[in-house]
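# Chains, contacts and geometry: an overview
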Amino acid sequence: MDWLTTTWTDFWQIGLSAMGILAAVVLLIRLNGLRSLSKMSSFDFAVTVAVGSIVATTLMSDSASLSEGAIGVGALLLSQRLVSIARVRFNASAVVDNQAIVLMIGETMLDDAMIRTRVTRDDIRGKLREANVIDLSEVHAVVLESTGDISVLHGSDGKTLDARLLEGVANAELVVTDGSTR
């Protein structure tokens, strides 16, 4: 029955640890900047998950002290900052980031790309609905972003897609954009 109850000592330890680690995380994120909890790359996502894990371990485990949790979060955020600097200054994106890929062009879903990325037709149809697409003729392209998000590029005013939006995206050469052909 111990799993249903707790002691007053544990109650206060968890409560104070929660306040302390939350204060440490907020402070470290403020020092590191807004990008700390972004999903701009797979590395950023991994850092966000790891920060959550450290917070949980610090709260619920006797093996990790509040100061150790704060050091762990600080080390992760410092690593994230160093990787983001390397991405910007030394073009390390190819090492850290996944490449975005076109999954759908116009009304045509690209089966090979979908198989390679394990995205289903239902996944794409759901994203089309989320993007308020009411007619497939509005769709220019659907892109699986490097973060794992799916973007729907659409419009109904007859404009063509600006090719600059697809720079660095796999299968981009297949999409009809301004100044290029299929």
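Note that the structure is a prediction, hence the values are computed from the model and not measured.

## Structural notes on the environment of glutamate 167
Relative to the elements of secondary structure, glutamate 167 occurs in the segment after strand E4 (150-154). Sequence spacing of glutamate 167 and aspartate 135 is 32 residues, and the spatial spacing of their C-alpha atoms is 26 Å.

## Examining helix H2 (residues 42-60)
Its 19 residues place the ends of H2 27 Å apart at the C-alpha level, agreeing with the 27 Å of an ideal helix rising 1.5 Å per residue. Looking only at H2, the buried set comprises Asp44, Val47, Val51 and Thr58. Along the axis of H2, the buried residues cluster in a sector spanning 55°; they form a single face. Residues of H2 that are buried in the fold lie against helix H1 (8-32) and helix H3 (66-89).

## Overview of the confidence of the model for the chain
Summarising the model, the chain shows a mean pLDDT of 90, and 97% of its residues fall at 70 or more. Element-level mean pLDDT values for the chain span from 83 in helix H4 (residues 93-96) up to 98 in helix H6 (residues 121-130).

## Digging into the packing of aromatic side chains
Going through the model one piece at a time under the given rule, you end up with 2 aromatic pairs. Measuring from centroid to centroid gives 5.3 Å for tryptophan 8 and phenylalanine 11, while their planes differ by 75°, and the two rings are edge-to-face. Taken together, the residues tryptophan 8 and phenylalanine 11, both in helix H1 and 3 residues apart, mark about one turn of the helix. Given a relative accessible area of 63%, tryptophan 8 falls into the exposed group.

What counts and how
Residues numbered from 1 in each chain as written. Predicted model: local features only at pLDDT ≥ 70, side-chain atom pairs only at ≥ 80, totals over all residues. Heavy atoms only, no water. Helix = DSSP H or I, 4+ residues; strand = E, 2+ residues; numbered from the N terminus. Expected span 1.5 Å × (residues − 1). Buried < 20%, exposed > 50% of the residue type's maximum accessible area, 1.4 Å probe, protein only. Arc of directions from axis to C-beta. Contact = heavy atoms within 4.5 Å. pLDDT = per-residue confidence, 0-100. Phe/Tyr/Trp six-rings, centres within 6.5 Å; stacked < 30°, edge-to-face > 60°.

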